[in-house]
Amino acid sequence: MKKIGSLLLAAVLTVVPMTSSFAQESHSNLSPEEKAKQWATTVVTDYGASAVQYAIVDHGKVILSGHAGIKNQATKEKITPDTMFGIGSVSKMYVSSAVMMLVDAGKIDIDQPLTTYIPDFKMADERYTKITPRTLLNHSSGLYGSHYHNSILFDDNDTQNYDNLLKELQTEHLKADPGAFSVYSNDSFQLLEVLVERVSGMSYSEFVKTRISDPMKFKSTHTPLDQFDRKQLSKTYFPGIESALPVENANILGTGGIYSTAEELATFGDVLMGNKPELLSEKSAQAMQKDEYRNGIWVPEERNTTNYGLGWDAVNLAPFSDYGIKALSKGGDTIMYHADLISLPGYDMSAAVVSAGGSSLYNTQLATQLLLEELKDQGKIKKILPDQTFKPAVQVNMPAEMKQYAGLYGTLDKTIQLELKNGTMELPDILGGIIPAQTYVYTGKQQFTSKDGSTIISFDKQTNGKTYIKVNTTVSFPGLGQAAMVFYEYQKLSKNKVSTAVQQAWKARDGKRYYAVDEKINSAFYIAPSILTKTLAVDASNGYVNGDKIIDQNHAVNVAQIPVMTGRDTFDFEFVKQNKVEYLKTSKQLYIPEDAISPLSKDKSSTIKIASNGHVKWFKINKNTAGKTINVDYPNNAGFVVYDAKGNVVESSIITSKKSAILPENGLIVFGGQAGNVFKVTLGQGTTK
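Per-chain numbering applies: the sequence of each chain, read as written, is numbered from 1 onward. Thresholds applied to this predicted model are a pLDDT of at least 70 for local features of residues and 80 or more for the giving and counting of side-chain atom pairs; totals over whole chains, interfaces and linings are not thresholded and use all residues. Side-chain numbers here rest on the full set of heavy atoms in the structure, without hydrogens or water.

### Some words on unusual backbone geometry
Turning to step 1, where the next piece is worked out: In this structure, Pro319 follows Ala318 across a cis peptide bond, with omega equal to 10°.
Turning to step 2, where the next piece is worked out: Along the chain, the position of Pro319 falls in the loop between helix 13 (282-288) and strand 7 (328-333).
Turning to step 3, where the next piece is worked out: Of note, the phi angle at Asn579 is positive, near 50°, even though the residue is not glycine.
Turning to step 4, where the next piece is worked out: In DSSP terms, a helix is any run of H or I states spanning at least four residues, a strand is any run of E spanning at least two, and both are numbered starting from the N terminus. Position of Asn579 relative to the elements: it lies in the loop between strand 24 (573-578) and strand 25 (581-586).

Structure representation (structure tokens):
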């Protein structure tokens, strides 16, 4: 579930006060333990985490363990080595190892069709029969990506997202032939969870407990379905909300549902490196470390932070590759928990960093610094290489043949018309604003470069006949080092001719915003509403909407076949009429258009009832209700959330248990609960309670 954390990333990156050179200089006279503490403190003070925990395990022994921040801000309770955190997509390494344990037992062949083991797995695409466990493990299954709805819930271990997966996939198609290329896919690891359960005859939680946690003597590694003391979990906090959030349950266990500690996660690295052959054979561990990403289309550069193995995000992680060291890495993010695990099989050493708040990107940087410092301290590397520096771009004359790359390009949620003129090109922001929108200048060798020299843009025509815009960038995290990232951002598209009537139908939807109606009110996504909203960007003249190809007046389908990460979580669009309202269906969720949302009643007293379909009810806050205090009497397991005009959460009864809020003008309020629940609403003046 790595993508989720990136939604909060751009805002955090804007509040970094120190330069990298200053940070390195200030560490020069500190002990390794003091350096670790200072780096972790930087993640808290400068990168939005409220709590960080870290550990290094060397040859099976914890040699470094520490933390920064605080577990509970209200009680001032401190973090201990037993404090637990969600580890997000690092959970994929548990289900990956579970599959390989069953390989060791002769019960699974990862190159056999998945239908061999899950005969009721079917899709509306005949290519699904070519999906194998290997293509799931290396992200090359061709699945669209992720079904996020109702997957991360507060104080709720409802597994409906996982339970419905096979049924939902029956009506879906693939984005590419299985094995054609690797692009991040959460649903693949949900299917691996199904695979483990079907073959082992155990529930997945039971398998993790009996085959991993118990033999490893782990006391703090659990799934949301396990019975354990939730007070062990670090509290989480969201910007603008004073109180701690309820317990966050990622109920898609194989994809992102494990809780653990830094010490236990780093110790689990021994299993993944093959040092616990009684659990996972060395042969299987080594198979997981191979360059699986090279089996299909991939960016040509080797120096990168993403190069998939079986389960692993990286099997040759930079900057360790600069030292000739093989490093394995897996990062993960939920809404509020973040984690990273780096293992060095040549040294039998692993580092883990977990946090409440922040991002897995920062945790990866911290884990990298911890390991490099330990390697230097042990004399295994002579020195830590300095950060890369860049010279400002110097423009040269652009050859005329470069103009062939101008034209229409698409990526998820947008299309652009790329112009190459006077040796320059403009691109929107990349990586959620980490790389800002800017003008790139031609600097020779068929490359365009950012003004500061840190980002190079070029074009690749791949063996599938598609042309991609390639980004080769070094991102600096002041105080934490740098990350090398190479990926494809856009895919060149051909104009899609559609009739005038179809164009007009889609133009009428351009810029419209849609809101999910079938998400449980205790979903964590209500505090990150971008997950629950869709805004249409229609390029009617070229026949596209949000990067999808328009088929007719009510349908658009994915065409993105972009390897690595950008092409993940693709979707189709369908419009359906219900009670004279045109709803949007995408990613198996139903969305109501903003112009169909009614204003909240201005009556002093009113009632709101959840219909038999259980859908939440959205209302606008207009001038008739703005500034008033709303008091809501709601049943158990129900609640409401209030947003201001910018989409920021003003109040969430799920989080605060409050029954009142002041209504902001041009905001929204959503009520949700069980079918038949009735909310008694009164409006008045005064303070909230």
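### Quick look at the pairing of strand 7
Turning to step 1, where the next piece is worked out: Summary of the burial criterion: residues with accessible area below 20% of their type's maximum are buried, those above 50% are exposed, and those between are partly exposed, where the area comes from a 1.4 Å probe applied to protein chains only. For strand 7, the buried fraction is high: six of the six residues fall into the buried class.
Turning to step 2, where the next piece is worked out: A two-sided burial pattern is seen for strand 7, the buried positions comprising Leu328, Lys330 and Gly332 on one face and Ser329, Gly331 and Asp333 on the other.
Turning to step 3, where the next piece is worked out: Pairing between strand 7 and strand 8 (residues 337-344): six bridges, direction antiparallel. Opposite Leu328, over in strand 8, you have Ser343 as the bridge partner. Paired strands, in this sense, are two strands between which DSSP finds at least two bridges.

### Concerning the nonpolar core
Turning to step 1, where the next piece is worked out: Phe121, Phe320, Leu427, Phe448 and Phe459 are the most contacted members of the largest nonpolar core, which totals 140 residues.
Turning to step 2, where the next piece is worked out: By definition in these notes, contact holds between two residues if any of their heavy atoms fall within 4.5 Å. Those residues in contact with Leu427 that lie beyond four places of it in its chain are Ile416, Leu418, Ala437, Gln438, Tyr440, Ile457, Ile469 and Tyr490.
Turning to step 3, where the next piece is worked out: By convention a nonpolar core is built from buried Ala, Val, Leu, Ile, Met, Phe, Trp, Tyr and Cys residues, the set being connected through side-chain atoms within 4.5 Å. One finds Val517, Ile597, Val641 and Tyr643 within the second-largest nonpolar core, a separate group that totals 49 residues.

### Focus: the pattern of salt bridges
Turning to step 1, where the next piece is worked out: Salt bridge, as applied in this entry: a Lys or Arg side-chain nitrogen positioned within 4 Å of an Asp or Glu carboxyl oxygen. Taken as a whole and assessed by the stated rule, the structure comprises 19 salt bridges.
Turning to step 2, where the next piece is worked out: Residues Asp460 and Lys470 are paired through a salt bridge, measuring 3.9 Å at the closest nitrogen-oxygen approach. Of this pair, Asp460 sits in strand 15 (residues 455-461) while Lys470 is found in strand 16 (residues 467-477), placing the two residues 10 residues apart along the sequence. Assigned by exposure class, Asp460 and Lys470 land together as buried.
Turning to step 3, where the next piece is worked out: The salt bridge partner of Asp595 is Lys512, with a shortest N-O separation of 2.8 Å. With Asp595 in the loop between strand 26 (589-593) and strand 27 (605-609) and Lys512 in the loop between helix 15 (500-507) and strand 18 (513-516), the pair connects residues that are 83 residues apart, well separated along the chain.
Turning to step 4, where the next piece is worked out: The class for Asp595 is exposed, based on a relative accessible area of 51%.

### Focus: the sheet that holds strand 33 (residues 668-672)
Turning to step 1, where the next piece is worked out: Read from one edge of the open sheet, four strands run 28-33-30-31, paired in antiparallel fashion. With partners counted over all chains shown, the strands left at the sheet margins are strand 28 (617-620) and strand 31 (649-652), one partner each. This sheet shows a mean twist of 15° between the axes of neighbouring strands, independent of strand direction.
Turning to step 2, where the next piece is worked out: One ladder, built from four bridges, connects strand 28 with strand 33; its direction is antiparallel. Opposite Phe619, over in strand 33, you have Ile669 as the bridge partner. Helix axes use the C-alpha atoms of the stretch in contact, all axes being lines fitted to C-alpha atoms, and the angles between their N-to-C directions lie in the range 0 to 180 degrees.

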